[in-house]
Amino acid sequence: LSMVKLINADEKTLRDVYRLPAAVVERLQETFRALGVEKGIKRDELHAMGRYTFQDFEGFRNQEF
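My aim in this report is to walk through the structure given alongside it, one point at a time. (Residues numbered from 1 in each chain as written. Predicted model: local features only at pLDDT ≥ 70, side-chain atom pairs only at ≥ 80, totals over all residues. Heavy atoms only, no water.)

In terms of regular secondary structure, the protein is built from five helices and zero strands. Helices and strands in the protein line up, N terminus first, as α-α-α-α-α. Out of the 65 residues in the protein, the part that is buried amounts to 26%. A separation threshold of at least 6 residues defines the contact pool for the protein, and within that pool the share at least 24 residues apart is 61%. As displayed, the protein offers around 4800 Å² of accessible surface, 49% of which is attributable to carbon and sulfur atoms. (Helix = DSSP H or I, 4+ residues; strand = E, 2+ residues; numbered from the N terminus. Buried < 20%, exposed > 50% of the residue type's maximum accessible area, 1.4 Å probe, protein only. Contact = heavy atoms within 4.5 Å. Areas by Shrake-Rupley, 256 points an atom, 1.4 Å probe, with all protein chains shown as cover.)

Structure below.
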């Protein structure tokens, strides 16, 4: 799952296809909004921003909801 696919996926896809709990989906969306990352972003645009990588979101993996 690429960062761009994660950002651009709708809530239903995140829950049903990628099997993310609703609380995680909500936190991811809040984080993307806070970082100014909008849906519809392309991979090269995300790379041009430079600072957004999976490491930025690593904390979600170990968080309990």
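Picking up where we left off.
Moving on to the environment of E45. Tracing the backbone through its elements, the reader meets E45 in helix α4 (residues 43–49). Residue E45 is classed as partly exposed on the basis of its relative accessible area of 42%. Between the C-alpha atoms of E45 and V4, which are 41 residues apart in sequence, the distance is 9.7 Å. Here K42 takes part through its backbone nitrogen, which lies 2.7 Å from a polar atom of the side chain of E45. (Polar contact = N/O pair within 3.5 Å; in protein donor to acceptor, adjacent residues only side chain to side chain.)

Right, let's get into the pattern of salt bridges. Scanning the entire structure with this criterion turns up two salt bridges. A salt bridge links E11 to R15; its shortest N-O distance comes to 3.7 Å. Separated by four residues within a single helix, E11 and R15 lie in helix α2 (residues 11–16), roughly one turn from each other. Its relative accessible area of 40% is what places E11 among the partly exposed residues. Across the pair D16 and K12 runs a salt bridge whose closest N-O atoms are separated by 2.7 Å. Here D16 pairs with K12, and both are found in helix α2, just four residues apart, close to one helical turn. Using a relative accessible area of 35% as the deciding quantity, one classes D16 as partly exposed. Judged by relative accessible area, K12 falls into the exposed class, the value being 54%. (Salt bridge = Lys/Arg side-chain N within 4 Å of Asp/Glu carboxyl O.)

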